[in-house]
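# Structural features, examined
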Amino acid sequence: MGKTLFTKIFSVTVLIIFASTLLTSVLLFTQLGNYLVENQNSELAAMAEHIAEVTGYVMYDADDITMFNFYIDNQSRNESCAIIIMDAEGSVVISAGGQGYLDKENVIKIDERYIERALEGESVSEIIPQRKQGGYITDSLIALEPVRVQSAGEEGIWGIVAVCKPMPQIRQARNALLNMFIAAQAAAILLAFLVSYVVARRISRPISKLNAAAKAVAGGDFTKKINYEPYGELGELIASFNYMTDALKEIDDSRSSFVSNVSHELRTPMTIISGFVEGILDGTIAEEDRTKYLGIVLSETQRLSRLVTDLLETSRLESGTVKLVMKPFDINAMLRKGIISYEQAITDKKIDVEAEFMYDRMFVSGAEDSIYRVVMNLLDNAIKFTPDGGIIRIKSVVRGQKVEVSVENTGEGISEKDIARIWERFYKTDKSRGMDKNGVGLGLYLVKTIINQHGNRIWAESKEGEYTRFTFALDKVNVK
């Protein structure tokens, strides 16, 4: 089994922390040591130069020697170093703070090479490596400065001043600083581990939940949701996932409902057709009644044909394969044509049609065939649900850059509960089931889809027991 996301994030974080800490420690150890050595070198050289200058003034004055010795002792103690003053013969005149440099004979031994260079007038500043040589200064910093004096108007070298500081003291100071740094780093590392653990958990936990939910959705469970307080990109991702599952559930419910409704709508006419055809073939239906029942079979066949046509049109509209060719046309002329097409049905039900157009000709932009389907569908519904002797009102008005067309009919109306669902596929209100024998509940869904594809809207208004009104808008076109 591969590592989890939490393990990967935490492991990488820990590795980075360790690597950065190790690198920082090595650099600090190296650079800090170099800095301390260079700093001590500079300080020792400055001290040697200062003492050499003072020595040149006091060595011939016996009264000043005592105070000078006291001064040298104080300097040695304050700076934790050894101070040695030699004459030109290499004999030690004054020494203070042996710091382990005095041998059993109380003599400090300095490498003759350094002494010779200083007596020749050179300022010497050296790091003496640690080596096993009895009595000689080793593992130290040493600075030698010539003592210059004036004699008979000429400058000469009286002797040398040597200042020595053991390297262990410098290392001790460096180690103390390094220990402080390591303690601070340890605390920082512990804090970094805790923070990285919390952050890794916070990142990996919702992703693990997201992974599990994705697998559930892949298995068909669209009810899976992730409860997580959203923040940043991860929160947006989880919110999008939850939105996706809602959309997939809605699509799945719609698909199930669609299959169920189609099956129901197909089963009824096919059962009627099959029953009557079998009755005619086996002689159950008398010869004189065959024409009547064949008429019913034809009606159900036509109903099936309309259902298939509507289903194909719905599929084409939803898939986007229908390319709407927009062009200007007179919507009022189309309304008049629709009324004439239903003249027989209007006459049979003794319906009074009232048409009110703001202008005689009103041009809109749209796919003419699709809008004609909308008009015919709304008129067909209005005629179906208008009682005998009722009224249908058709109206077109200009509002800004839109033309609004409404088709209103008197009758039972639609309840508030149903009016929000009339645009759904296969939805038929309880009242419509007895009046709309041939409808399958796809008409208004197609109407809304067509108008939406035109970038406009359609809405319904109704008052139970009085009227129902459908209104849709189209883009107005100015045609000379």
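Residues numbered from 1 in each chain as written. Predicted model: local features only at pLDDT ≥ 70, side-chain atom pairs only at ≥ 80, totals over all residues. Heavy atoms only, no water.

### Comments concerning helix α9 (residues 368-385)
Selection rule: Runs of H or I in DSSP of at least four residues are treated as helices and runs of E of at least two as strands, each being numbered from the N terminus. Expected span, for any helix, means 1.5 Å times one less than how many residues it has. The buried label applies to any residue whose accessible area, calculated with a 1.4 Å probe on protein chains only, is under 20% of its type's maximum; exposed applies above 50%, and partly exposed to all values in between.
Over its 18 residues, α9 extends 26 Å from the first C-alpha to the last, a length consistent with the 26 Å expected when each residue adds 1.5 Å. Of all the residues in α9, the buried ones are Ser370, Ile371, Val374, Val375, Met376, Asn377, Leu378, Leu379, Asn381, Ala382 and Ile383.

### Regarding the packing of helix α7 (residues 331-341) against α9
Condition: Lines fitted to the C-alpha atoms define the axes, with helices restricted to the stretch that makes contact. Angles between their N-to-C directions range from 0 to 180 degrees. Put simply, angles under 35 degrees are roughly parallel, angles over 145 are roughly antiparallel, angles from 65 to 115 are roughly perpendicular, and the rest are oblique. Note: crossing handedness is left-handed where the near helix turns anticlockwise from the far helix by less than a right angle, and right-handed where it turns clockwise. We call two residues in contact whenever any of their non-hydrogen atoms come within 4.5 Å of each other. Throughout this entry, Asp, Glu, Lys and Arg are counted as charged residues, while Ala, Val, Leu, Ile, Met, Phe, Trp, Tyr, Cys and Pro are counted as nonpolar. The remaining residues, Gly among them, count as polar.
As a packed pair, α7 and α9 sit with axes 10 Å apart at the nearest point and diverge in direction by 45 degrees. For the element pair α7 / α9, the angle class is oblique. Handedness of the α7/α9 crossing: right-handed. Residues Ile331, Met334, Leu335, Lys337, Gly338, Ile339 and Ser341 of α7 form the contact with α9, whose participating residues are Glu368, Ile371, Tyr372, Val375, Met376 and Leu379. Grouping the constituent residues of the contact of α7 with α9 by class yields nine nonpolar, two polar and two charged.

### As for the pairing of strand β1 (residues 82-87)
Regular strands place their side chains on alternate faces of the sheet. For clarity, the threshold we go by: One requirement defines pairing of two strands: DSSP has to find at least two bridges between them.
Among the six residues in β1, five count as buried, and that is most of the element. One ladder, built from six bridges, connects β1 with strand β5 (residues 154-166); its direction is antiparallel. Directly across from Ile85, in β5, lies its bridge partner Val161. Sheet analysis places β1 next to strand β2 (residues 92-96), joined by four bridges and oriented antiparallel. Among the inter-strand pairings, Ile85 is bridged to a residue of β2, identified as Ile94.

### Observations regarding the nonpolar core
Spelled out, the test is: Only buried residues count toward a nonpolar core. Its members are Ala, Val, Leu, Ile, Met, Phe, Trp, Tyr and Cys residues joined through side-chain atoms within 4.5 Å.
Formed by 36 residues in total, the largest nonpolar core has its most connected members in Ile331, Ile371, Leu378, Phe470 and Phe472. Top contributing element to this core by residue count: α9, with eight residues. With residues near it in sequence (within four places) discarded, Phe472 still touches Val374, Val375, Leu378, Val403, Glu404, Val405, Ile451, Arg457 and Ile458. Residues Val37, Ala48, Leu141 and Ala143 belong to the second largest nonpolar core, which totals 23 residues.

### Section: the pairing of strand β10 (residues 402-410)
For β10, a buried count of eight out of nine residues is recorded, marking the element as mostly surrounded by other parts of the structure. Of the pairings in the sheet, the one linking strand β9 (residues 391-399) to β10 comprises eight bridges and is antiparallel in character. Within β10, the residue paired with Ile392 across the bridge is Asn409. Where β10 meets strand β12 (residues 467-476), nine bridges bridge the pair, whose relative direction is antiparallel. Bridge pairing links Val405 to Phe472 in β12.

### A closer look at the confidence of the model for the protein
We count it as follows: On a scale of 0 to 100, pLDDT captures the predictor's confidence in every residue.
Chain-level pLDDT for the protein is 79 on average; 80% of the residues reach the 70-or-more range. Note on residues 99-107: pLDDT under 50 across the span, and 19 contacts to partners over four residues away in sequence or across chains.

### Quick look at the environment of Val14
Residue placement: Val14 occurs in helix α1 (residues 5-58). Put simply, Val14 and Phe193 are 179 residues apart on the chain and 6.9 Å apart in space, counted from C-alpha to C-alpha.

### A few points about the packing of aromatic side chains
Just so we agree on the cut-off: Only rings of Phe, Tyr and Trp enter the pairing, Trp through its six-membered ring, and a pair is recorded when the two centres are within 6.5 Å. The plane angle decides the type: under 30 degrees is stacked, over 60 is edge-to-face, the rest tilted. Geometrically, a charge over a ring is one whose NZ (Lys) or CZ (Arg) sits within 6 Å of the ring centre while staying within 35 degrees of the ring normal.
Within the structure shown, the criterion is met by two aromatic pairs. Their ring planes at 45 degrees and their centres at 4.8 Å tell us that Phe276 and Tyr293 sit as a pair that is tilted. You can see Phe276 sitting in helix α5 (residues 232-282) and its partner Tyr293 sitting in helix α6 (residues 290-319), a full 17 residues away along the chain. Classification of Phe276 as partly exposed rests on a relative accessible area of 22%. Under the relative-accessibility criterion, Tyr293 is labelled partly exposed at 22%. The residue whose ring lies beneath Arg113 is Tyr114, and the NZ or CZ to ring-centre distance is 5.8 Å.

### Observations regarding the sheet that holds strand β3 (residues 124-128)
The five strands lie next to each other as β2-β1-β5-β4-β3, forming an open sheet whose pairing is antiparallel. Each end of this open sheet is capped by a strand with a single partner; those strands are β2 and β3. The mean inter-strand angle of the sheet, taken between neighbouring strand axes irrespective of direction, is 20 degrees.

### A word on the pattern of salt bridges
Operational definition: We define a salt bridge as a contact between a side-chain nitrogen of Lys or Arg and a carboxyl oxygen of Asp or Glu at a distance within 4 Å.
Taken as a whole, this structure holds 14 salt bridges when the rule is applied. Of the charged contacts, one joins Arg117 and Glu126 as a salt bridge, the two residues approaching to 3.3 Å between their closest N and O atoms. Taking the relative accessible area as the measure of exposure, Glu126 reaches 24% and is therefore partly exposed. Residue Lys327 is joined to Glu368 by a salt bridge in which the shortest nitrogen-to-oxygen separation is 3.8 Å. With Lys327 in strand β6 (residues 327-330) and Glu368 in helix α9, this residue pair connects regions lying 41 residues apart in the sequence. Owing to a relative accessible area of 42%, Lys327 belongs among the partly exposed residues under this scheme. Taken together, the shared-partner salt bridges in this structure form one network comprising Glu354, Arg393, Glu408, Glu461 and Arg469.

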